[in-house]
There are 2 protein chains.
Amino acid sequence: MFETAELGRKVSKKDYDELEGELRTELLVAQRALKEAGTPVIVVVSGVEGAGKGDLVNQLTTWLDARGVDVEVFWDATDEETQRPWWWRFWRALPARGHIGILFGSWYTGPIVDTALGRIEEGRMEAAMHHVKAFERMLIQDGAVIVKFWLHLSKEAQHDRWRADSDLGRSWKVSPLTEEYGAQYDAFLKASEKAIRLTDTGLAPWYLVDASDDRYRDLTVGRTLLSAIRARLDGIDERSEPRQAPAMDAPGNGQTVLDRVPIDRTLKKAEYKEQLAHWQLQLHRLTWAAYHAQRSLVVVFEGWDAAGKGGAIRRAVSAIDPRLVRVIPIAAPTDEERAHHYLWRFWRHVPRDGRVTMYDRSWYGRVLVERVEGFATRAEWSRAYHEINAFEGQLMAHGTVVVKFWLHISPEEQLARFEERQQTPWKKHKITEEDWRNREKWADYAHAVHDMVQHTSTTEAPWTLVPANDKRLSRVTVARTLCERLAAALGEPLEADPVDPITAVPDQA
Amino acid sequence: MFETAELGRKVSKKDYDELEGELRTELLVAQRALKEAGTPVIVVVSGVEGAGKGDLVNQLTTWLDARGVDVEVFWDATDEETQRPWWWRFWRALPARGHIGILFGSWYTGPIVDTALGRIEEGRMEAAMHHVKAFERMLIQDGAVIVKFWLHLSKEAQHDRWRADSDLGRSWKVSPLTEEYGAQYDAFLKASEKAIRLTDTGLAPWYLVDASDDRYRDLTVGRTLLSAIRARLDGIDERSEPRQAPAMDAPGNGQTVLDRVPIDRTLKKAEYKEQLAHWQLQLHRLTWAAYHAQRSLVVVFEGWDAAGKGGAIRRAVSAIDPRLVRVIPIAAPTDEERAHHYLWRFWRHVPRDGRVTMYDRSWYGRVLVERVEGFATRAEWSRAYHEINAFEGQLMAHGTVVVKFWLHISPEEQLARFEERQQTPWKKHKITEEDWRNREKWADYAHAVHDMVQHTSTTEAPWTLVPANDKRLSRVTVARTLCERLAAALGEPLEADPVDPITAVPDQA
């Protein structure tokens, strides 16, 4: 999830100065319109320690007209507050119609901190998030716009920032609380991920912002806030079904999480054979172990056309006893499937305990092809992230292991493969007009993949972005990942690989 | 909650025959239209043991065209089912577009049974209901109509029914499971109430049906189903924000829970004085005990105009130390209040720990005056029941005791009081044109009160319907109920009342 906010995006001073002036003017115009329309806006500012939440809040109040902005800080609770039901403190901080309320800390803070520090159980945290979801929905139904920002820093970036602050004599910025929380980075991130996943709905989505560069952070938040306000102002009369919030508006939005995939790595033929045999043997053993433990496995294959999904699936399947595995190719839905909810056709094939189902394309079509081609409305695909997370959560609650692959190739590699297919008689049928059309929308698809990873890559069911320009490396990576995930879930030992496929080749990144 | 389904409503054989023919024809017409529109309908049939769920399902399949109806029974799970995630069994039972799926047992059955039999904790049950809510919402957003029926029988009616079955030589209808569950009637009802309350949303409301009379039961379900289908067919293009489901359509709908209030009971002056003094003294003691235990108390007063709310409040307040109590009269909202969500003005006055707030009229205005006068849209007041339950749940989660009164008088008594007010110089200001106008809508208000009690009277925060034609009895009942609820919450002893106000007067019912 957070990998989408670790791309190290930056904005130069020059670009910033240019963009800021424009943004500022437009924000003021939007704020005035908001006041007239009587729409309350709630801006939730959350994030890891050291990400600059305070600086951001200050920046927002500078940009906006202070007369319509209420900044509310939730930090140490007063007597007044602790002596009343928990929600009271938030109700009294809600902005009036036409106002913008900036919440520095919010109804997320307590549950996340308590979970990270082990003060409450996961179950209670989940229940709290369900109440949060209902609360936000209620305010939105009443006409509010809710915009939730999570300012993210990787562990390394967090340390760099503190070191820089100390070097600059700003060690006062590092409070004792900061250090205490920082020491528990992983626990905090895990709790935060869960809170975000459970409350990342179509109506009130989270925006994960890379906070390693101040200018990028502030501009992205400012512009996304502006887009959200504008979207509501445009659709002012459809209050009963509020507009889905717009996508994050970041400067230089072209960059995606796919740009980070080390796409050019390769594997030599001899090493490929050795490694593939090694992982296939292990996969055979581990799927039998899963059978005996009565744990099922669901594998999702997504990727660019001609990225080699079929080949990777065949290599994995051939290692598994046929009694245990099924491959479900997802093409156009049947009549019967079309007569049901879009998830129905995937539920049909959910494996029994101890079995494996591999989906060659999957429910992610809803947020990929259906989104890009306009087969699903914005409302439909926006809420699908949440629906998909709930679906996979139901599988995992039963003990199913969920593994998801995106096979990534470059546009150039795809072109080469398309051309090769057209020239090979027995491959010609694999390439259609549609493939060429999809290719033209490369940037749209990349953007959709980025959003998909942001909303659905979780600790329990992460996306594995597979470098697939080299088919050998791609197949080994798939087999190996399946083994690693199964072994971890079953608590089975994993035999070390003969040669590490990543370190065995010169790093070309 | 269930009191609204214990009115003993009946339909005569003659009426039934007449109404059934008409209903049957209309159901078939609606079913055909449904098929054309491609709308799936999900009918959930739940209820207490012995309420005739099976008979009802048989009746529905007789009325409808069998080619478009799928009856699914969830009883003993197969291997196929237990070896897959819990939701799988329900997904495969969902009706296709244009079909009606009748679910005998459903996603509610397991969690309710497990809670009643103490197999799972309340927290897990709550979490399950949150997932159910999300699941139903997802199907509705996809175009489905969900109609949920709860067939209710009081404990006595349940016993009567079994005895009758045995007498008629139909003891086979009483299965071992039936008896086992029946023995735990109270535990089942408590678990069911919770499940219903948590999932009784504006989009997918529950219909509580009095099942003591077969003909009434079947007709009510059939007609309500018909209304729900028609409402959807009428609003076919607003799939994105589905229509709020219509009210329950029961034959002889004029009867309400208010008809059961023993309105004519009275209290003699001497007894009144003695009893009021007794309960006031206890109330004084108990509110101080609550202060020391740091438990707060929220009291809601609703009732007909001139029902005597003010007088009852004054008698109660005068018994409490002024440092501990505040009365909040709810009139038209201020500008500031109007600029917030309707619950905001009530949250403002939520008492600190150890204090008491009495609301003279309350958040229930949303589902009473705002509903009847059309100030709130159908969508707004329909979802308010759920919002109000969540609000009161948040108060109770903090330890607040919530007590709710409806002061009930007859229209004749109200008229007498209005006329007396107009003739008394210092009371004249209390009566306005609006009061006379409200009076004309007596039946609408009674209906709204009935629905309010159905949706918001819970074990932890029940409605007390106070017979108030006699002011003395009304005041004593209020003071006494406050004492009883406080004593129960605090685990404090309650001194017996000098004379029981109910048994001390001749029963005029």
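How each quantity is defined
- Sequence order as written defines the numbering, with residues in each chain counted from 1.
- For this description, chains carry letters from A and ligands carry numbers from 1, given in the order in which they are written.
- Reporting of local features is limited, given that this is a predicted model, to residues whose pLDDT is at least 70; pairs of side-chain atoms are given and counted only at 80 or more, and all residues count toward the totals for whole chains, interfaces and linings.
- Each helix is a run of DSSP H or I of at least 4 residues and each strand a run of E of at least 2, with the numbering of both proceeding from the N terminus.
- Based on C-alpha atoms, the radius of gyration is set beside the globule rule, defined as 2.2 Å times the residue count to the power 0.38.
- Backbone-placed C-beta atoms define the burial measure: a residue is buried with 20 or more other C-beta atoms within 10 Å of its own, exposed with 12 or fewer, and partly exposed in between.
- Throughout, a pair of residues is in contact if the C-beta atoms placed from their backbones lie within 7 Å.
- The span one expects for a helix is its residue count, reduced by one, times 1.5 Å.
- As annotated, the domain borders come from an automatic or database domain assignment.
- Note that Gly is not counted as nonpolar here; it falls among the polar residues with everything else outside the nonpolar set of Ala, Val, Leu, Ile, Met, Phe, Trp, Tyr, Cys and Pro and the charged set of Asp, Glu, Lys and Arg.
- Whenever a helix is involved, its axis is fitted only over the stretch in contact; in every case the axis is a line through C-alpha atoms, and angles between N-to-C directions fall within 0 to 180 degrees.
- Any angle that falls under 35 degrees is termed roughly parallel, while one over 145 is termed roughly antiparallel, one within 65 to 115 roughly perpendicular, and all others oblique.
- The crossing is said to be left-handed when, going from far helix to near helix, the turn is anticlockwise and less than a right angle, and right-handed when the turn is clockwise.
- We place the copies in one frame by least squares, fitting the C-alpha atoms of every residue whose pLDDT is at least 70 in both.
- Should DSSP find at least two bridges between two strands, the strands are taken to pair.
- On a scale of 0 to 100, pLDDT captures the predictor's confidence in every residue.

**Student:** How should the overall build of chain A be read in this particular structure?
**Tutor:** Summing up its helical and strand segments, chain A has 20 helices and ten strands in all. Taking 23 Å as the expected radius of gyration for a compact globule of 509 residues, we find that chain A reaches 24 Å, a close match to that expectation. C-alpha atoms of chain A, sized along the principal axes, occupy 70 × 50 × 45 Å. The buried share among the 509 residues of chain A stands at 42%. In chain A, 83% of the contacts between residues at least 6 apart in sequence involve partners at least 24 apart.

**Student:** Explain helix 20 (residues 471–490) of chain A to me, please; I cannot follow it from the model alone.
**Tutor:** Its 20 residues give helix 20 of chain A an end-to-end C-alpha distance of 29 Å, which sits within 8% of 28 Å, the value for a rise of 1.5 Å per residue. Of the residues flanking the end of helix 20 of chain A, it is Gly491 of chain A, one or two places downstream, whose phi is positive at about 70 degrees.

**Student:** Please explain the environment of Arg480 of chain B as it appears in this structure.
**Tutor:** Residues and elements named next belong to chain B. Secondary-structure assignment places Arg480 in helix 20 (residues 471–490). By C-beta crowding, Arg480 is classed as buried, having 21 other C-beta atoms within 10 Å. Residues Arg480 and Gln275, 205 residues apart in the sequence, show an inter-C-alpha distance of 8.9 Å.

**Student:** How should I be thinking about the domain arrangement of chain A in this particular structure?
**Tutor:** When the parts of a complex come together, some accessible area is lost, and that lost area is often used as the size of the interface. Residue and element names in this part refer to chain A. Taken domain by domain, chain A comprises domain 1 (2–153 + 183–236) and domain 2 (259–490). For domain 1 and domain 2, the distance between their C-alpha centres works out to 34 Å. Of the residues lining the interface, eleven residues belong to domain 1; the matching set on domain 2 comes to 14 residues. Broken down by element, the side of domain 1 that touches domain 2 gets its largest block of residues, three residues, from helix 9 (residues 185–199). When the residues that make up the side of domain 1 that touches domain 2 are grouped by side-chain class, the tally is three nonpolar, three polar and five charged.

**Student:** Teacher, can you tell me more about the packing of helix 5 (residues 109–116) of chain A against helix 9 of chain A here?
**Tutor:** The relative placement of two packed helices comes down to the angle between their axes together with the axis-to-axis distance. Residue and element names in this part refer to chain A. Running from N to C, helix 5 and helix 9 point in directions that differ by 135 degrees, and their axes come no closer than 8 Å. It follows from the interaxial angle that helix 5 and helix 9 lie oblique. The hand of the helix 5/helix 9 crossing is right-handed. Between helix 5 and helix 9, the contacting residues are Pro111, Ile112, Thr115 and Ala116 on the first element and Ala187, Phe188, Ala191, Ser192 and Ala195 on the second. Considering only residue class, the contact of helix 5 with helix 9 consists of seven nonpolar, two polar and no charged.

**Student:** How should the relation of the copies chain B and chain A be read in this particular structure?
**Tutor:** Look at the two chain copies: a rotation about an axis and a shift along it is all it takes to match them. Note on the copies: chain B fits chain A at an RMSD of 0.1 Å, the axial shift is 0.0 Å, and the rotation between them is 180 degrees. Given the turn and translation reported, the copies of this chain are related as if by a two-fold rotation axis. When you check the interface residues of chain B against chain A, 100% turn up at the interface there too, and the contact is symmetric in its surfaces.

**Student:** Quick question: what am I supposed to make of unusual backbone geometry here?
**Tutor:** Glycine aside, residues mostly have negative phi, and peptide bonds are mostly found in the trans state. Residue and element names in this part refer to chain B. Its identity as a non-glycine residue notwithstanding, Ala306 has a phi of 65 degrees, on the positive side. Checked against the element boundaries, Ala306 lands in the loop between strand 6 (297–303) and helix 12 (309–317). At Arg361, a position not held by glycine, the phi torsion is positive, near 75 degrees. When you line up the elements, Arg361 lands in the loop between strand 8 (356–360) and helix 15 (369–372).

**Student:** Hey, could you run me through the sheet that holds strand 4 (residues 145–152) of chain A in this one?
**Tutor:** The strands making up a sheet associate through hydrogen bonds between their backbones, and the pairing can be parallel or antiparallel. Residues and elements named next belong to chain A. Spatially, the five strands line up as an open sheet ordered 2-3-1-4-5, and their pairing is parallel. Each end of this open sheet is capped by a strand with a single partner; those strands are strand 2 (69–73) and strand 5 (206–210). On average, each strand axis in the sheet is inclined to that of its neighbour by 20 degrees, with strand direction left out of account.

**Student:** Quick question: what am I supposed to make of the sheet that holds strand 10 (residues 463–467) of chain B here?
**Tutor:** Residue and element names in this part refer to chain B. Strand order in the open sheet made by the five strands is 7-8-6-9-10, with parallel pairing throughout. Because the sheet does not close on itself, it has two edges, and the strands there are strand 7 (325–329) and strand 10. This sheet shows a mean twist of 20 degrees between the axes of neighbouring strands, independent of strand direction. With seven bridges connecting them, strand 6 and strand 9 (residues 401–408) associate as parallel partners. Bridging across to strand 9, Gly303 finds its partner in Leu407.

**Student:** Is there a simple way to explain the packing of helix 2 (residues 53–63) of chain A against helix 10 (residues 214–234) of chain A in this structure?
**Tutor:** Residues and elements named next belong to chain A. Helix 10 packs onto helix 2 with a crossing angle of 50 degrees between their chain directions and a minimal axis gap of 10 Å. If you check the angle between helix 2 and helix 10, you find them oblique. Crossing of helix 2 over helix 10 shows right-handed handedness. Counting all contacts with helix 2, which are made through Asp55, Leu56, Gln59, Leu60 and Trp63, the residues of helix 10 involved are Asp214, Arg217, Asp218, Val221 and Gly222.

**Student:** I would appreciate a short explanation of the interface of chain B and chain A in the present structure.
**Tutor:** Chain B puts 41 residues into the contact, and the matching count from chain A is 41 residues. For the side of chain B that touches chain A, the elements supplying multiple residues, two or more each, are helix 4 (88–91), helix 6 (122–141), helix 14 (344–347) and helix 16 (378–397) of chain B. Here the side of chain B that touches chain A takes eight residues from helix 6 of chain B, the largest share from any one element. Residues of the side of chain B that touches chain A, tallied by class, amount to 19 nonpolar, ten polar and twelve charged.

**Student:** Teacher, can you tell me more about the confidence of the model for chain A here?
**Tutor:** The predicted coordinates should not be examined in detail at positions where pLDDT is low. Residues and elements named next belong to chain A. Mean pLDDT for chain A: 87, with 90% of residues reaching 70 or above. Counting contacts from residues 236–245, a segment whose pLDDT is below 50, to residues more than four positions away or on other chains yields 19 contacts. For residues 501–509, every residue scores under 50 in pLDDT, and the model assigns this stretch 15 contacts once sequence neighbours within four places are set aside. Here the predicted complex scores 0.81 on pTM and 0.76 on ipTM.

**Student:** Even after reading the chapter, I still don't get the environment of Ser227 of chain B, so can you show me in this structure?
**Tutor:** Residue position: Ser227 of chain B is located in helix 10 (residues 214–234). The spatial distance from the C-alpha of Ser227 of chain B to the C-alpha of Leu27 of chain B is 9.5 Å, given a sequence separation of 200 residues.

**Student:** Which parts of the structure should I look at to understand the pairing of strand 5 of chain A?
**Tutor:** In summary, the side chains of a regular strand alternate between the two faces of the sheet. Residue and element names in this part refer to chain A. Burial analysis of strand 5 places five of its five residues in the buried class, the great majority of the element. The alternating pattern of strand 5 places Trp206, Leu208 and Asp210 on one face and Tyr207 and Val209 on the opposite face, and all of these are buried. Relative to strand 5, strand 4 runs parallel, the two being bridged by five bridges. Within strand 5, the position partnered with His152 by the bridge is Asp210.

**Student:** Sorry, what's going on with the pairing of strand 6 (residues 297–303) of chain A here?
**Tutor:** Residue and element names in this part refer to chain A. With respect to burial, strand 6 is a largely interior element, seven of its seven residues being buried. Side chains Leu297, Val299, Phe301 and Gly303 of strand 6 all project onto a buried face; the interleaved residues Val298, Val300 and Glu302 project onto the opposite face, where all are buried too. Looking at chain direction, strand 6 and strand 8 (residues 356–360) are connected through five bridges and run parallel. Among the inter-strand pairings, Val300 is bridged to a residue of strand 8, identified as Tyr359.

**Student:** Is there a simple way to think about the environment of Ala33 of chain B in this case?
**Tutor:** Relative to the helices and strands, Ala33 of chain B resides in helix 1 (residues 13–37). Given 16 C-beta atoms within 10 Å, Ala33 of chain B falls into the partly exposed group.

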